[in-house]
Amino acid sequence: MMKIYDWYTGPYPARVRIALGELGLQSQVEFESIDLWKGEHKTPAFLEKNYSGTLPVLELEDGTLIAECTAITQYLDALGDKPLLTGTTPLEQGIIHMMNKRAEIEFLDAVSVYFHHSTEGLGPDVELYQNDEWGQRQRDKAVRGMRYFDGVLKQQPYVAGQTFTMADIAVIGGMIFAELVDLAVPEECEALLAWYAKVQERPSVQNRLALSAPNPVPA
Ligand code: GTS
């Protein structure tokens, strides 16, 4: 059985959990919790699994380790007969990859930097270097990213075009992280908010936390 190391409420882990749900692969993976709040992702043992010290990480049955949400999603999507999240034609694949990367750079990763640099983040034991000015700039960048994706979604139903793809999942990750840090979506971003209401109805999004949580669930 494949294994995923993650933390159940994390926005990046959410991306892979949603992908698993979309692909119907939930029963093919087991989860191992790595407690971000205790810094378990920065221990030497975990850094051997993922040099970057981040979650999630996918471990295959033969022990091969794949980190990075995009890489994990591409791997999982390629297991089926027909890719559902990463495109089938060269054009689709290129556009989806571009929009997925843009969702990370312009939105999700920027919210993450804001969290780690301008809030308490994961606490003083984990956040060994903080630069508030950098965090604030990334917060402003994330809000610009929201406005960009609002413009995209005024033109088309999904982030990379006419169908739901991993680029949508990356923007969902940004929305989840923005909620966690109380970074509000500007009210006028109506298309982004309407898209988010719509994609939140997907079972893959609704059921992501239930896939696994540490037992007992932390307070
Ligand atoms: N580029 C990585 C990816 O796409 O997988 C980023 C992963 C990432 O930043 N994951 C977060 C993490 O490990 C998990 S979460 O914030 O979504 O819960 N953060 C811990 C840290 O110390 O940066």
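Residues numbered from 1 in each chain as written. Predicted model: local features only at pLDDT ≥ 70, side-chain atom pairs only at ≥ 80, totals over all residues. Heavy atoms only, no water.

## What to know about the domain arrangement of the protein chain
Put simply, the rule reads: Domain ranges listed in this record stem from an automatic or a database domain assignment. Contacts are assigned to residue pairs that have any heavy atoms within 4.5 Å of one another. We define buried area as the total accessible area lost by two parts upon association, computed with a 1.4 Å probe and summed across both. The rule for a salt bridge is simple: a side-chain nitrogen of Lys or Arg has to be within 4 Å of a carboxyl oxygen of Asp or Glu. Distance and chemistry together define a polar contact, namely a pair of N or O atoms within 3.5 Å, with one atom able to donate a hydrogen and the other to accept it when in protein, and with adjacent residues in sequence counting only for side-chain atoms on both sides. Each helix is a run of DSSP H or I of at least 4 residues and each strand a run of E of at least 2, with the numbering of both proceeding from the N terminus. Three classes are used: nonpolar for Ala, Val, Leu, Ile, Met, Phe, Trp, Tyr, Cys and Pro, charged for Asp, Glu, Lys and Arg, and polar for all others, with Gly counted as polar.
Per the domain assignment, the segments making up the protein chain are domain 1 (2-84 + 205-210) and domain 2 (90-202). For domain 1 versus domain 2, the separation of C-alpha centres amounts to 19 Å. At the junction of the two partners, domain 1 supplies 20 residues and domain 2 supplies 23 residues. For the pairing of domain 1 and domain 2, the buried interface totals around 1,800 Å² over both sides, and the portion due to carbon and sulfur atoms is 65%. Together, P11, Y12 and R15 form the three largest contributors to the area buried by domain 1 at its contact with domain 2, with a combined 32%. Put simply, R15 and E104 hold a salt bridge, and the shortest N to O gap is 3.0 Å. Run the count over domain 1 and domain 2 and you get 8 residue pairs in polar contact (both at pLDDT 80 or more). Elements that contribute at least two residues to the side of domain 1 that touches domain 2 include exactly helix 1 (11-23), helix 3 (69-79) and helix 8 (203-206). Ranked by residue count, the leading element in the side of domain 1 that touches domain 2 is helix 1, at 7 residues. In terms of residue class, the side of domain 1 that touches domain 2 is made up of 9 nonpolar, 7 polar and 4 charged.

## Quick word on the environment of V199
Test applied: Under the scheme applied here, a residue whose accessible area is under 20% of the maximum for its type counts as buried, over 50% as exposed, and between as partly exposed, the area being computed with a 1.4 Å probe on protein chains only.
Residue placement: V199 occurs in helix 7 (residues 190-199). Judged by its relative accessible area of 1%, V199 is buried. Each residue touching V199, except ones within four places of it in the same chain, is listed here: Y158, F164, I172 and V205.

## Quick notes on the site of the ligand
Definition in use: We call a residue near a given molecule or strand whenever any one of its heavy atoms falls within 4 Å of it. Here the open area of atoms and residues is found with the Shrake-Rupley method and a 1.4 Å probe, where only the protein chains shown may cover a residue.
Every one of the 15 residues lining the ligand counts as a neighbour, but P11, Y12, H41, L55 and E68 are closest to it. A distance of 2.7 Å separates a nitrogen atom of the ligand from a polar side-chain atom of E68. Contact between the ligand and C69: an oxygen atom at 3.0 Å from a main-chain N or O atom of the residue. Within the complex, the protein chains bury 87% of what would otherwise be the 550 Å² of accessible surface of the ligand. The residue makeup of the shell around the ligand, split by class, is 8 nonpolar, 4 polar and 3 charged. Residue-level mapping places the shell around the ligand at the junction of two domains, with at least three residues from each of domain 1 (2-84 + 205-210) and domain 2 (90-202).

## Describing a nonpolar patch on the surface
The condition that has to hold: Patch membership requires more than 30% relative accessible area and the absence of a salt bridge. Residues of like charge join within 9 Å; the nonpolar side chains Val, Leu, Ile, Met, Phe, Trp and Tyr join within 5 Å.
The grouping of L91, I95 and M98 at the surface amounts to a nonpolar patch, some 280 Å² of accessible area in total. Summarising the element assignment, I95 is placed in helix 4 (residues 90-118). Overall, the relative accessible area of 33% leaves I95 in the partly exposed class.

## Description of the side chain of K3
Looking at where K3 falls in the secondary structure, it is placed in strand 1 (residues 2-6). In this structure K3 comes out as buried when scored by relative accessible area, which is 18%. In terms of polar contacts, K3 uses its side chain to reach the side chain of E32, at 2.6 Å. With sequence-adjacent residues up to four places away left out, K3 is seen in contact with E30, E32, V57, L58 and E59.

## Side note on the side chain of R15
Mapped onto the fold, R15 is located in helix 1. Aside from chain neighbours lying at most four places away, what touches R15 is C69, T70, N100, E104, L108, I169, A170 and G173.

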